[in-house]
Amino acid sequence: MKKIFLLGLLLLTSACQTTAPTATSSPLPTITPPPPTPIPFTSTPAPTSTPSPSPTPLPRYFTTKFDVSLAGWVILQAGSEAAPNVNAESGKLQLRMDIPYTWLYALYGAHDYDNVRVDTQFVNNALTPVSIGLICRYSEAKGWFEYNISTDGTYNVLYGKWLANGIVEYLPITFGSSKEIQPSGSVQQIGLTCSDTTLLLYIDNQLIRQVNVSRYELSEGKVGIAIASYENVPVVTAFDWVKIEAP
């Protein structure tokens, strides 16, 4: 069964729904209110209630340092039935996995994006080989793009798609190696731009590759971060911040 976990006051969006019901509207009768009744100036007006403030819309573009509310973020997991260990404290989002070959995603479910750039800064604290990545154009029905770097100095771009509850198929789009990738324990930044039919891959703000993804026909979706464990555990990765902005 695919595990879905919510952080804080999370917004449930299409990123974590298997089906989306079609809303139907029924016409309502038009009501004409009566004219107001004049109040003599010598009388005391009846108290009026103060309406509750409307919920503040969640931002579309922002930088979060994980020291405020995590509203809008959704946790998804594949490869394990165990509940993931997720903590947001001291301005960091810490994701821990104790089971090999597990994939953990933190998606920002408040908005869908077509062209967008996502960046993050992180440290792999457990000194265990791990894959850390960024996601764009996530759709539960159609799939998503995933850019990962590994602490062994390699990187890849994958097309991921759910096959069943908790089971994901990953198709490799491209892979390579880069001397810019730091070993475990080092502070590292990665960035991903989804621009029309091209993905731009960044390490520490340096563009390392452009990838054509026109054949996959993914036009929009959620964005987020990802980590994956290999045969060795535990994996403990702390994210300092995530930035979502127009490309």
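Here the structure is shown first, and the text comes after it.
Structural notes, computed from the coordinates. All of these numbers come straight from a predicted model, not from anything done at the bench.

1. Details of the overall build of the protein chain
Of regular secondary structure, the protein chain possesses zero helices and 16 strands. Counting every position in the protein chain, which comprises 247 residues, the buried fraction comes to 44%. Long-range pairs, those at least 24 residues apart, make up 70% of the contacts in the protein chain with a sequence separation of at least 6. A total accessible area of about 13400 Å² is found for the protein chain, and carbon and sulfur atoms account for 55% of it.

2. Looking at the nonpolar core
Of all hydrophobic cores here, the largest spans 45 residues; its most connected members are Tyr147, Leu199 and Phe239. For this core, the element with the most residues is strand S6 (residues 103–113), which contributes five residues. Of all hydrophobic cores here, the second largest spans eleven residues; its members include Val74, Leu76, Leu107 and Val168.

3. Some words on unusual backbone geometry
A cis amide bond links Val233 to the next residue, Pro234, at an omega of 5°. Counting through the fold element by element, Pro234 comes out in the loop between strand S15 (221–229) and strand S16 (235–245). The phi angle at Asp204 is positive, at roughly 50°, despite the residue not being glycine. Within the element layout of this structure, Asp204 appears in the loop between strand S13 (198–203) and strand S14 (206–212). Taking the relative accessible area as the measure of exposure, Asp204 reaches 30% and is therefore partly exposed. Backbone geometry places Asn205, a non-glycine residue, at a positive phi of 65°. The exposed category is assigned to Asn205, whose relative accessible area is 53%.

4. With respect to the side chain of Glu180
Checked against the element boundaries, Glu180 lands in the loop between strand S11 (167–177) and strand S12 (187–195). A polar atom in the side chain of Glu180 sits 3.0 Å from the side chain of Lys179. Contacts of Glu180, omitting those with residues within four sequence positions, involve Gln188, Ile203, Asp204 and Gln206.

5. Describing the state of the cysteines
Per the stated rule, a full pass over the model turns up one disulfide. Between Cys136 and Cys194 runs a disulfide, and the two sulfur atoms are separated by 1.7 Å. Classification of the bridge connecting Cys136 and Cys194 rests on its S-S torsion, roughly -55°, and on that basis the disulfide is left-handed. With Cys136 in strand S8 (residues 130–139) and Cys194 in strand S12, the pair connects residues that are 58 residues apart, well separated along the chain. Since its relative accessible area comes to 1%, Cys136 is described here as buried.

6. Describing empty space enclosed by the protein
On inspection of all chains with the given rule, the structure shows one cavity of 30 Å³ or more. In this model, the largest cavity occupies a volume close to 60 Å³. Among the elements of the structure, strand S7 (116–124) and strand S9 (143–150) are those that each provide at least two residues to the lining of the largest cavity. Taken together, the residues of the lining of the largest cavity sort by class into five nonpolar, eight polar and no charged.

The rules behind the values
- Residues numbered from 1 in each chain as written.
- Predicted model: local features only at pLDDT ≥ 70, side-chain atom pairs only at ≥ 80, totals over all residues.
- Heavy atoms only, no water.
- Helix = DSSP H or I, 4+ residues; strand = E, 2+ residues; numbered from the N terminus.
- Buried < 20%, exposed > 50% of the residue type's maximum accessible area, 1.4 Å probe, protein only.
- Contact = heavy atoms within 4.5 Å.
- Areas by Shrake-Rupley, 256 points an atom, 1.4 Å probe, with all protein chains shown as cover.
- Core = buried A, V, L, I, M, F, W, Y, C linked by side-chain atoms within 4.5 Å.
- Polar contact = N/O pair within 3.5 Å; in protein donor to acceptor, adjacent residues only side chain to side chain.
- Disulfide = S-S within 2.5 Å.
- 1 Å grid on protein atoms, 1.4 Å probe; cavity = no way out; pocket = protein on both sides within 12 Å on 5 of 7 lines; lining within 4 Å.
- Points joined across faces, edges and corners; volume = space filled by probe spheres on them.
- Nonpolar A, V, L, I, M, F, W, Y, C, P; charged D, E, K, R; others polar.

Spatial relationships are all this shows, so hold off on functional conclusions.
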